[in-house]
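Residue-level structural notes
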Amino acid sequence: MLIGDKVRLRALERSDLPAVVRWMNDPGVTEHLLNAPLTGLQEMEAWYEGNIGSNDRLLAILDPRGDLVGYCGISRLEWEDRRCNLWITIGECDAWDKGYGTDTVRTMLRYLFDELNLNRVSLTVAEDNARAIRVYERCGFIREGIARKARFKYGTYRNDVTMAIVKEAWGR
Ligand SMILES: CC(C)(COP(=O)(O)OP(=O)(O)OC[C@H]1O[C@@H](n2cnc3c(N)ncnc32)[C@H](O)[C@@H]1OP(=O)(O)O)[C@@H](O)C(=O)NCCC(=O)NCCS
């Protein structure tokens, strides 16, 4: 369990997956997601199973009342280079703009830098996802580049932004 100021993060359980399926089938949630295929429970369970034993980590985000409001994780963990990718989705829309996203990212960074001793955490975000970019910049992520017309969504090609934070900038 990782304890933040507002949220708590614990391992994602199989029993959380019906909520994840609901979120991934909500266009309001998936609007800005880079990768959100329409997924049913069986497929979601196969994805979950596939993660067991891998270096990827899947975490449930609990609000101050202990209710499940989202999930997050790390992927592409490279021990030699001490880096990984971070991703997050608050799936309950009524939990947006309450600081949970910021607290989740900060809690993850504390874990990744101070406990796992990683040196760099990066992510990719849709350029039009202003809420997410606001959160990442507030947590210390810096825009490193733009992948032009990287994603086809709602009939047009859209840009993706790559952002990252390195350990020496963490906590400054
Ligand atoms: C993006 C997301 C993780 C942010 O989490 P959150 O809990 O809503 O974020 P916070 O409450 O910590 O902060 C949101 C900030 O964005 C601001 N904001 C909200 N809408 C905004 C907009 N359209 N443009 C700019 N800023 C916006 C809020 O005012 C708040 O800033 P403030 O605290 O200075 O007022 C969450 O909304 C989410 O999961 N959305 C759907 C999936 C998604 O986009 N995931 C990220 C993929 S890279």
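Everything quoted here is computed from the prediction, not taken from an experiment.

**Observations regarding the overall build of the protein chain**
Scanning the protein chain from N- to C-terminus turns up 5 helices and 8 strands. Helices and strands in the protein chain line up, N terminus first, as β-β-α-α-α-β-β-β-α-β-α-β-β. Overall, the C-alpha framework of the protein chain stretches about 40 × 40 × 35 Å when taken along its three principal axes. Looking at the protein chain as a whole, 27% of its 172 residues are labelled buried. Contacts spanning at least 24 positions in sequence make up 57% of the contacts within the protein chain whose residues lie at least 6 apart.

**Details of helix α4 (residues 100-115)**
Owing to its 3.6 residues per turn, the α-helix aligns residues three or four sequence positions apart on the same side. Spanning 16 residues, α4 covers 21 Å between terminal C-alpha atoms, matching the ideal 22 Å at 1.5 Å per step. Within α4 the residues assigned to the buried category are Tyr100, Gly101, Asp103, Thr104, Val105, Arg106, Thr107, Met108, Leu109, Leu112 and Phe113. Just downstream of α4 lies Asn117, where phi reads positive at about 60°.

**Section: the sheet that holds strand β6 (residues 120-126)**
With mixed pairing, the 8 strands of this open sheet are ordered in space as β1-β2-β3-β4-β5-β6-β8-β7. Looking at which strands have only one partner, the edges of the open sheet turn out to be β1 (2-3) and β7 (142-153). Alignment of β6 against strand β8 (residues 156-166), held across 7 bridges, turns out to be antiparallel. Opposite Thr124, over in β8, you have Thr162 as the bridge partner.

**Topic: the environment of Ile74**
Along the polypeptide, Ile74 turns up in strand β4 (residues 68-78). Here the alpha-carbon distance between Ile74 and Leu112, two residues 38 residues apart in the chain, equals 9.4 Å. Setting aside its immediate chain neighbours within four residues, Ile74 contacts Asp56, Arg57, Cys84, Asn85 and Leu86.

**Some thoughts on the environment of Glu13**
Secondary-structure assignment places Glu13 in the loop between β2 (8-11) and α1 (17-24). Looking at Glu13, the number of C-beta atoms within 10 Å reads 11, which means it is exposed. Here the alpha-carbon distance between Glu13 and Arg110, two residues 97 residues apart in the chain, equals 22 Å.

**Looking at the pairing of β8**
Here 8 bridges tie β7 to β8, and the two strands are oriented antiparallel to one another. Opposite Arg151, over in β8, you have Arg158 as the bridge partner. The antiparallel pairing of β7 with β8 creates a hairpin that spans 2 residues between the two strands, and Tyr154 there sits at a positive phi of about 50°.

**Examining the nonpolar core**
Side chains of nonpolar character tend, in soluble globular proteins, to be buried together. Ranked by internal contacts, the top residues of the largest apolar core, which has 36 residues, are Leu59, Ile61, Tyr71, Leu109, Val121 and Tyr136. Those elements that place two or more of their residues in this core are α1, β3 (57-62), β4, β5 (83-90), α4, β6, α5 (130-138) and β8. In this view, Leu109 contacts Val121, Cys139, Ile165 and Trp170; residues no more than four positions away in its chain are not counted.

**Some details on the site of the ligand**
As a structural note, the neighbourhood of the ligand is formed by 21 residues, with Trp96, Gly101, Thr102, Ala130 and Ala132 the closest of them. It is α5 that provides the largest number of residues to the shell around the ligand, a total of 5 residues.

**Some remarks on unusual backbone geometry**
One non-glycine residue, Arg82, lies in positive phi territory at about 55°. Following the sequence through the fold, Arg82 ends up in the loop between β4 and β5. Here Arg82 falls in the partly exposed class, since 16 other C-beta atoms lie within 10 Å of it. Even without being glycine, Asn117 reaches a positive phi, approximately 60°. Inspection of the secondary structure assignment puts Asn117 in the loop between α4 and β6.

Reading the values: rules and limits
- Residues numbered from 1 in each chain as written.
- Predicted model: local features only at pLDDT ≥ 70, side-chain atom pairs only at ≥ 80, totals over all residues.
- Helix = DSSP H or I, 4+ residues; strand = E, 2+ residues; numbered from the N terminus.
- Buried ≥ 20, exposed ≤ 12 C-beta atoms within 10 Å, placed from the backbone.
- Contact = placed C-beta atoms within 7 Å.
- Expected span 1.5 Å × (residues − 1).
- Pairing = 2+ DSSP bridges.
- Core = buried A, V, L, I, M, F, W, Y, C linked by C-beta atoms within 7 Å.
- Near = placed C-beta within 6 Å.

Honestly, that's just the spatial picture; any functional story needs more than this.
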